[in-house]
Structures are given as C-alpha cells and as structure tokens.
Amino acid sequence: MTAPLKGAVIGCGFFAQNHFAGWRDVAGAEIVAVCDLDRARAEAAARTFAAPPRIYTDAAALFAAEALDFVDIPTTMETHEALVGLAVSHRVPVIVQKPFGPNLAACRRMAAAADAAGVPLMVHEDFRFQPLFRRLKALLTAGEIGQPTFARLSWRTAIDVYSNQPYLVHTERFMIMDVGVHMIDLARFLLGEAESVFCRTQQIKQGIAGEDAATILLGHRGGATGIIDLSYAAHRDPDPFPQTLGEIEGEAGSILILPGEELVIKGRGGSRRERIAHDGRPWTSEPWRQIQDSVVRTQQHFVDALRAGTEPETSARDSLGTYAVVEAAYASAATGRAIDPATL
Ligand code: NAD
Ligand code: 89Y
C-alpha cells in the first residue's frame, strides 16, 4: 500500500475545525503538524487527532523542520500571499481557503509564483463539491435540459455570521468575497466563463465596513444569462442558511434548486423530483452538513490530484477566472457599467 501523504494545517480557527475532521476522513493523507499564531488554538487542534500532530506557532519554523507533501491553509485572505509564498519557496504543494486573495493582482501573483516553481496550488472552493452541485453538473453534461439559457443562484440569509466570523464586520470587500466567490465559481462550473458582469451592491446593516448584499448579472460566453443574488440581511422564515437556491433553464427543460436540497427536474427524462442525500459522517451537523460534506470532498480531490499529478478543478490557474469576475463585479458596482473580466 502507498504511504499516506504527510500534510500540515496552518490556521486553527473557526472553519479549520471542519478541515481537521475532514482530513481524518480523507483517504491517502495524514496531518503531521498544525500551526497557529495562537498556541492554545494549535494545541486544541492537535488534541482532535488520534495521533497528535506536532505543534508550531511560526509557519517559517514549520517549513524548516517538517518534510511535507502538502500544506492546507485555512486562514483569512490577507494572510494568504505570505503563507503561500513560504510554502512555494519550500516547494510544498498548497490548498488554500477561499477567498484566494483580497484582489485579482494578489491572486495573479500567487498563481504565477506557484506556476514558476512548478508547485501545485489549489483554492479550497468547496461549494462545487457539494453533492447537489455534482448532480446538477452531471444532469447538464448529460443534456437533460439542453443548452443552458438562464441560471439564478441565490444566497439570502440573516444568520448572525458576525459571531463566528467577527473579521467580516471590518472587511471592506465583504459579501462578494465571502459568499459571492462560491456563487461565481458555481456559475463558471455550470455555465462556463462570463464575458459581461454588471453588479449593484448594498450595505444594509449599519456599522460594518463593506457591502452585505449584492446582485450580479452575468452574460456567459455560450449566450446564457446568469443572476447571482446575495444577502446577509434577508430576514426569512425559515432561514435557508447555508443553502444555495435557484434555477437553471435550458432549451429543453429546467432544474429548480429548492430548500431541503431538492431538485425539481423537467427535462428529456421527464418530470421528477430528487432529494440529495448527505454523506452520513458522524461529525457533521445541521445547518452546516451540506458544507461539511463538501470540505471532505474538496480535500479528497486535492489529494487525488496530487497523487495522480493532475491539475485540480479549482487550481490557482482556473480560479483566476473566478477572481476576475469578482474584480469586475466591484468595478461595475463602482462605475455603474458592465465590465468584461477579460479586460482586467
Ligand atoms: P479565523 O480567524 O477563525 O481563523 C484563522 C486562524 O488563522 C486564526 O486562528 C489565526 O490565528 C490563524 N493565523 C492567521 N495568520 C496566521 C499565520 N501567519 N500563521 C499561523 N496562523 C495564522 O478564520 P475562519 O473564520 O476560520 O476563516 C478562515 C477562512 O476560511 C476565511 O478565508 C473564510 O472565508 C474561510 N471560510 C470558508 C468557508 C467555506 O465554506 N469554504 C466557511 C467559513 C470560512
Ligand atoms: O464564510 C461563509 C462561507 O464561505 O460559507 C459559509 C460562511 O461560513 C458563512 O456564510
């Protein structure tokens, strides 16, 4: 049997708890070291493993001491360029959480550095690995609804996101960076690249630094129109967090994404409903289960790609397409004009 790949996790905060649980379920990898500026967080993380990993508070010391096959970086975006640069300088393959970087220029610098060094770099973009979106993609690929003509991806909630992720109060590029990146990646995954982006942003909650709602109109290269609507200030009963709802229409049918991970399909195979099942992992819980399942699938995809020597779906190179749309959305919101991401 091939030995498991040895990995380290840098960043042991809120969302990293899902990464630790996820790594325990991934085949072909083991975590040998954890690192956080806050020693208590790294120690707590180490205690969650049956074979406790070594503990670091300094990423440079971690890379100097450990022989690693990969590093996982679930820290916030402003730290990514320095940490990815460190990993690349040690020729250690990286999976880094979304948002990839705070702007397109930073994303391009990270992608170029990894490319020049021949070091694999993947963005942990997990929504497309949710079983629901794998099923949706399979239906589109099979031609169930014909050529897509329209899609709406909707994320509207009023959960108190600020308790678990307090840095979001101070983030100037907020809603589009935090959840918009997931929706833009999904739109590219399902409908292909966008050549026109129009966006309007709103700040509804008082006292935060950035936008907490955004509506983005996409013109896709194949001719389809896409709408992405996002809000952290949408008061609903029941609150659908963290579900992405919406619909896709094609020349021969449609697929609705309803609450409860239900697809309503009218297509070449007739009309029917499908409910998407969870993976049944004992450590997942509502309302996060849909995202938690996708964390493990994202990590497994990274490990499988490393072992096979193939480019992962959300490689740095591919993700530049997502972050060009992000940049275009902010530029559109600032100017009131539609922007072609290819011009940025
Ligand atoms: P957090 O602030 O709770 O955790 C980040 C941790 O990184 C902190 O403990 C901090 O001390 C540590 N850290 C920062 N710089 C470091 C460095 N140089 N060396 C070592 N440790 C360092 O943040 P979070 O809420 O866990 O979010 C982390 C990332 O995960 C964000 O980018 C967020 O957008 C993303 N996220 C993704 C999803 C998803 O579904 N994919 C969900 C939630 C959060
Ligand atoms: O930060 C967000 C994300 O990426 O997924 C869910 C989240 O944690 C809160 O909406």
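This one's a predicted model, so the numbers in the text were calculated from it and none came from an experiment.

Some points on the site of ligand 1
Part 1: Taken together, 22 residues are adjacent to ligand 1, and Phe15, Asp36, Arg41, Asp126 and Tyr167 come closest.
Part 2: One nitrogen or oxygen atom from the side chain of Arg41 is found 2.6 Å from an oxygen atom belonging to ligand 1.
Part 3: The side chain of Gln97 places a nitrogen or oxygen atom 3.4 Å from a nitrogen atom of ligand 1.
Part 4: In this structure the site holding ligand 1 corresponds to the largest pocket.
Part 5: Considering only residue class, the shell around ligand 1 consists of nine nonpolar, eight polar and five charged.

Side note on the site of ligand 2
Part 1: Every residue lining ligand 2 is accounted for by Lys98, Trp155, Val161, Gln165, Asp178, His182, Tyr232, Phe241, Trp288 and Ile291.
Part 2: The separation between an oxygen atom of ligand 2 and a polar side-chain atom of Lys98 is 2.8 Å.
Part 3: In this structure, an oxygen atom belonging to ligand 2 sits 2.8 Å away from a side-chain N or O atom of Asp178.
Part 4: More than half of the atoms of ligand 2 fall within 2 Å of the grid points belonging to the largest pocket.
Part 5: Classifying every residue of the shell around ligand 2 gives six nonpolar, two polar and two charged.

Quick notes on the UniProt feature "domain: Gfo/Idh/MocA-like oxidoreductase N-terminal" (unreviewed entry) in the protein chain
Part 1: Using the residue numbers shown here, the UniProt feature "domain: Gfo/Idh/MocA-like oxidoreductase N-terminal" (unreviewed entry) corresponds to residues 7-123.
Part 2: When the span residues 7-123 is considered, its composition is 43% helix and 21% strand, and the gap between its end C-alpha atoms is 16 Å.

With respect to the sheet that holds strand β3 (residues 54-56)
Part 1: If you trace the six strands from one edge of the open sheet to the other, you get β3-β2-β1-β4-β5-β6, paired in parallel fashion. Only two strands of the sheet have a single neighbouring strand rather than two, namely β3 and β6 (121-124). Along the sheet, successive strands turn relative to each other by an average axial angle of 25°, direction set aside.
Part 2: With six bridges connecting them, strand β1 (residues 5-10) and strand β2 (residues 29-35) associate as parallel partners. Its bridge partner lying in β2, Leu5 is registered against Ala29.
Part 3: On the sheet, helix α2 (residues 39-47) packs against β2 and β3 and is oriented at approximately 165° with respect to β3.

Quick notes on the rules
- Residues numbered from 1 in each chain as written.
- Chains lettered and ligands numbered in written order.
- Predicted model: local features only at pLDDT ≥ 70, side-chain atom pairs only at ≥ 80, totals over all residues.
- Heavy atoms only, no water.
- Near = heavy atom within 4 Å.
- Polar contact = N/O pair within 3.5 Å; in protein donor to acceptor, adjacent residues only side chain to side chain.
- 1 Å grid on protein atoms, 1.4 Å probe; cavity = no way out; pocket = protein on both sides within 12 Å on 5 of 7 lines; lining within 4 Å.
- Sits in = over half its atoms within 2 Å of the grid points.
- Nonpolar A, V, L, I, M, F, W, Y, C, P; charged D, E, K, R; others polar.
- UniProt positions renumbered as here; feature names shortened; annotations may be inferred.
- Helix = DSSP H or I, 4+ residues; strand = E, 2+ residues; numbered from the N terminus.
- Pairing = 2+ DSSP bridges.
- Axes fitted to C-alpha atoms, helices over the stretch in contact; angles between N-to-C directions.
- Contact = heavy atoms within 4.5 Å.

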